[in-house]
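Secondary and tertiary structure notes
Each chain, letter by letter, is given below.
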Amino acid sequence: MSEREFEHYLTLLGSMLRLRPEQRAEIAEELQQHLDERLQDLQAAGLSREDAIQQALAEFGDAAGLAAQFSSVSRRRYRRWMMRAATASVTSAFMVLVLFVSFWPTGGRIELALPTTAQDTNPPASESPVESADPFTTEADLPTTKTKSTVTSREAKNADTRVQLETESAFELSDASLSDLSLMLAERLQHGCLLDYRRMEEEGVDRESGNLNWNLTNASLGTMLETLLDEVQLTYQIRDGILVITSQSAADDDLSLVIYDAEVLFSSAVVVVRNEANPVEEMLLQLVQQSSDLGKIELDSLQASIDRLSEKFGSQQARMRFNQVADLIETQVDPNSWEVNGGVASISSVGNRLIVRQTERTHRKIRKLLDDLAATNGL
Amino acid sequence: MADQIESELLRGSMDLMVLSVLAQSPKYGYLLQKALSDNSQQQIKLSAGTMYPLLHRLEEAGLVSSRWDESTRRRRKWYELTAKGRKKLIKQAELWQQYANCINRLLTEIKLVIPTPATQG
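Here the residue numbering is sequential within each chain, running from 1 through the sequence in written order. Each chain is given a letter, starting from A, and each ligand a number, starting from 1, according to the order in which they appear as written. Per-residue local features of the predicted model are confined to residues with pLDDT of at least 70, and side-chain atom pairs are confined, for both listing and counting, to 80 or more; whole-chain, interface and lining totals are unaffected and use all residues. Heavy atoms throughout the structure, all of them, feed into the side-chain values; hydrogens and water do not.

1. Things to note about the interface of chain B and chain A
The contact criterion used is simple: two residues touch if any of their non-hydrogen atoms lie within 4.5 Å. Contacts between the two partners involve 23 residues from chain B, matched on the other side by 20 residues from chain A. With both chains or domains summed, chain B and chain A bury close to 1,900 Å², and 51% of this area falls on carbon and sulfur atoms. Buried area counts how much accessible surface, traced with a 1.4 Å probe, disappears from two parts once they are put together, with both parts' losses summed. Contact with chain A buries surface across chain B, with B:Y30, B:Y52 and B:R74 losing the most and accounting together for 33% of the total. The term salt bridge refers to a pairing of a side-chain nitrogen on Lys or Arg with a carboxyl oxygen on Asp or Glu at a separation within 4 Å. Scanning the region where chain B abuts chain A turns up six salt bridges. A salt bridge links B:R74 to A:E37; the nearest nitrogen and oxygen atoms lie 3.9 Å apart. A run of H or I in DSSP becomes a helix once it reaches four residues, and a run of E becomes a strand once it reaches two; helices and strands are each numbered from the N terminus. Counting residues per element, the side of chain B that touches chain A draws most heavily on helix α3 (residues 48–60) of chain B, which supplies nine residues. Across the side of chain B that touches chain A, the residue classes break down as eight nonpolar, six polar and nine charged. Note that Gly is not counted as nonpolar here; it falls among the polar residues with everything else outside the nonpolar set of Ala, Val, Leu, Ile, Met, Phe, Trp, Tyr, Cys and Pro and the charged set of Asp, Glu, Lys and Arg.

Here you go:
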């Protein structure tokens, strides 16, 4: 029983030492030798082995306190965060996300089983990956080709960082300062992390302040970041891919513009529209098929009418859905931050894209909402 | 604030105690603990839980050095004062003496303590 306790103590202590494995082993051995020696002396003094163990352990103090002291020595040593990360799992999770993100617009389009009649006026748009093959919304598509290279590289960097913030990994922070946190993030994020000292100081927050602790293993980097920054009443922005830790007011002053390709959100819904809710088109299609005596020209002009009607009907449907999404976002995600409710953030739509000016944190919530909606085909 | 000063004071004095005991000869943890207890006529009992983190801290600061001794039946980690540690000890001892004298004078002023010859340190 007591023997067990002895071993338990050492195991517990070892597990609580937030140190590199070799340091941990060395400390454990040193302490074990001490305990053994003390045990021997106590037994030599006439105590039973069990009593000796009890006393030796009592003298040592509780394992948690001891582990904390050693960890604090180590903290002074490095003045930086300590972290154990399952690098392999992070990398693979990241790759999966990258794949997912790069493929999803295509996936959305594939869903649209377009009738050939409609596609004739719209050759498959293969020249641009963002252009839609959906005839209902093509007219409203953004002409993105001209400014693409600069916008894409900057936006792509921002997107990288946003994706990386969603990676889950096991990491530990022990009594870390904001500098420690930013160092840790700089290592984890491809485009780096900065502290906006000037704006932080305006809020009276020092870079060495903070007593940040974290040891959840299944949370995303973003969740950790937001939880820890809440403690010191700071927030973050993403600029040119760089994660910038800054004050709340700085973030409100300089909103991020994010263009959401909401097509994926509607793809399945649009299919439903075509199959069920476009009686005009169906009627006309039937008419074409049945009118074998119609001449070629009339057939063509009928076809054009069908396309026009389909397009109009479709884009109206799309417009309605975008408005729905906009309303949903404005009422469900930080309602008071939106212009319509007296805030500074705004939302508008062009084609099948939502253009949202918001803080990075709210963008994160919007992404979650849209992802959830897409996952459940919620519209 | 008062707590902070107190704990700083305590930590400072513990450093001083450990450094002074190591100044006599290199020691491993268990031996150091015993020496401290013996030298202070059992007045100072530094728990292992306090002593080891402290030793590691002193080592990090370059005031003591350590090495594992494999020659005995039991593997032991010996600690030794470095040159830097010795300098630090001398300086700290002076400071401590000044501080103690200062406190003593203050207390003597208000007749809370009667000056006594310093006990062996």
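2. As for the sheet that holds strand β7 (residues 346–350) of chain A
Residue and element names in this part refer to chain A. A pair of strands counts as paired when DSSP detects no fewer than two bridges linking them. Taking strand neighbours across the sheet as the criterion, the three strands line up as β6-β8-β7 in an open arrangement whose pairing is antiparallel. At either end of the open sheet lies a strand with only one pairing partner, and these are β6 (256–261) and β7. Shown here is a sheet whose adjacent strand axes are inclined to one another by a mean of 20°, direction ignored. With five bridges joining them, β7 and strand β8 (residues 353–358) adopt antiparallel strand pairing. When the sheet's bridge partners are listed, V350 is paired in β8 with R353. To define axes, lines are fitted to C-alpha atoms, for helices over the stretch in contact only, and angles between the resulting N-to-C directions are given on a 0 to 180 degree scale. On the sheet, helix α15 (residues 360–376) packs against β6 and β8 and is oriented at approximately 10° with respect to β6.

3. Here's the deal with the sheet that holds strand β3 (residues 76–81) of chain B
All names here are of chain B. Sheet architecture is open: three strands sit in the order β1-β3-β2, paired in antiparallel fashion. In this open sheet, the two edge strands, each paired with only one partner strand, are β1 (27–28) and β2 (64–69). Pairing between β2 and β3: six bridges, direction antiparallel. Directly across from D69, in β3, lies its bridge partner R76.

4. What about unusual backbone geometry?
All names here are of chain A. In the Ramachandran plot, Q233 falls in the positive-phi region, its phi being about 55° despite a non-glycine side chain. Of note, Q233 is situated in the loop between α10 (221–231) and β4 (234–239). Categorising residues by exposure relies on relative accessible area from a 1.4 Å probe, with only protein chains included: less than 20% of the type maximum marks a residue as buried, more than 50% marks it as exposed, and the intermediate range marks it as partly exposed. Overall, Q233 belongs to the exposed group, its relative accessible area being 66%. Residues other than glycine seldom take positive phi values, yet D240 does so here, at roughly 50°. Inspection of the secondary structure puts D240 in the loop between β4 and β5 (242–247).

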